[in-house]
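Observations on the three-dimensional arrangement
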Amino acid sequence: MSSVHAATTLALWAAARVGGRSTDDVLAAVDAAGHRVGVRAASTAVAQATGLPGPGSPTAGSMSLLPLMVGGGIPDLLLPTAGDLRGLPPGGDITVPALDAGAVVVFPDLEIGVVPADGQWRVHRCPGGHPTLTISEANGEIDGAMADATRSLIAVDIARGSEQVREHVRRRMLDEAVDMPPGAPTAASALLAKVISLEALLAVAAGHETAAVTSRELAVVDDALRPLTTAVRAGRRAAVAAAARVLATETVSRTRR
């Protein structure tokens, strides 16, 4: 399971904890995301602010994430990549590890960012975050980019794939499937499922497991899929944000009923 999978899981289940989901359920889901080595602050200043062990100290267990979940507000999933660092503080020490991981969960009320790295959850100062698309906007961007990519690939007759490629895609989809908390809105769950399936296709294409054989055809594949990759990344953020808003208010909704 990838760092992006782990961060997605943390963001969703942290929101569920805010909404009243049990500690046991939340920790079981977070631990199942694969980063079980422990939790550590990335600097002495963050260690002092959070009470977490700092550099050079033994890691704490995943339970030490609970105060961040409870006090951090609705979590924001960032998916930084080269050329797109929106949401990260300029010059912050979180930038490089967040880029390496490709994901960070920001707890805005505490100005804290949690990065899944090397089997650990590393906690940094991160007064960041940036708006997401709506579910409708994200679906529209993905569908448009997918149509454009399909046309480009069909035009050079490299859109077909072998049975082996389809099996690789299927396996990756299963590996990256996210355990959604109960109560997540159907539209957000559907968008996240679409994103995961497309990311599996994109990962296979990035490994050039297509019918492309010449350097020109490989360049066509890369050019055709780049906008789709951007749209899919935005779609994941939109799905998580929409789900988190609902999950974090579940307790209020149940009380009113």
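Note that the structure is predicted; figures quoted are calculated from it, not measured.

1. Notes on the environment of Pro-127
- The topology assignment puts Pro-127 in the loop between strand S5 (120-125) and helix H6 (135-155).
- Put simply, Pro-127 and Glu-111 are 16 residues apart on the chain and 4.3 Å apart in space, counted from C-alpha to C-alpha.
- Those residues in contact with Pro-127 that sit more than four places away from it in its chain are Pro-89 and Glu-111.

2. Some thoughts on the nonpolar core
- Of all hydrophobic cores here, the largest spans 60 residues; its most connected members are Leu-65, Met-69 and Val-114.
- For this core, the leading source of residues is helix H9 (residues 215-247), giving 11 residues.
- Residues within four places of Val-114 in sequence aside, it is in contact with Leu-10, Leu-65, Leu-68, Val-104, Val-105, Phe-107, Trp-121, Arg-122 and Val-123.
- In terms of nonpolar packing, the next biggest core, distinct from the first, is built from 10 residues, Leu-88, Ile-94, Val-106 and Cys-126 among them.

3. With respect to the side chain of Arg-236
- Here Arg-236 is to be found in helix H9.
- With relative accessibility at 0%, the residue Arg-236 sits in the buried group.
- Not counting residues up to four positions away in its chain, the partners in contact with Arg-236 are Val-4, Thr-8, Leu-77, Leu-79, Val-178, Leu-192, Val-195, Ile-196 and Glu-199.

4. Looking at the side chain of Ser-3
- Within the fold, Ser-3 resides in helix H1 (residues 3-18).
- Polar side-chain contacts of Ser-3 include one of 3.4 Å to the backbone oxygen of Pro-116.
- Not counting residues within four places of it along the chain, the set of residues in contact with Ser-3 comprises His-35, Ala-101, Ala-103 and Pro-116.

5. Things to note about the environment of Gly-92
- Residue placement: Gly-92 occurs in the loop between strand S2 (76-78) and helix H5 (95-101).
- We classify Gly-92 as partly exposed; its relative accessible area is 22%.
- C-alpha separation for the pair Gly-92 and Arg-125, spaced 33 residues apart in sequence, amounts to 7.9 Å.

6. A look at the pattern of salt bridges
- Taken as a whole, this structure holds seven salt bridges when the rule is applied.
- In this structure, the salt-bridge partner of Asp-76 is Arg-237, at a minimum N-O distance of 3.0 Å. Remark: Arg-237 occurs in helix H9 and Asp-76 occurs in strand S2; sequence separation between them is 161 residues. Here Asp-76 matches Arg-237 in class, with each residue buried.
- Among the ionic pairs, Lys-194 bridges to Asp-143, the shortest N-O distance being 3.0 Å. Separated by 51 residues along the polypeptide, Lys-194 in helix H8 (residues 186-206) and Asp-143 in helix H6 bring together distant segments of the chain.
- Several salt bridges share partner residues, and in doing so they unite Asp-84, Arg-86 and Arg-233 into one network.

Cut-offs used in this document
Residues numbered from 1 in each chain as written. Predicted model: local features only at pLDDT ≥ 70, side-chain atom pairs only at ≥ 80, totals over all residues. Heavy atoms only, no water. Helix = DSSP H or I, 4+ residues; strand = E, 2+ residues; numbered from the N terminus. Contact = heavy atoms within 4.5 Å. Core = buried A, V, L, I, M, F, W, Y, C linked by side-chain atoms within 4.5 Å. Buried < 20%, exposed > 50% of the residue type's maximum accessible area, 1.4 Å probe, protein only. Polar contact = N/O pair within 3.5 Å; in protein donor to acceptor, adjacent residues only side chain to side chain. Salt bridge = Lys/Arg side-chain N within 4 Å of Asp/Glu carboxyl O.

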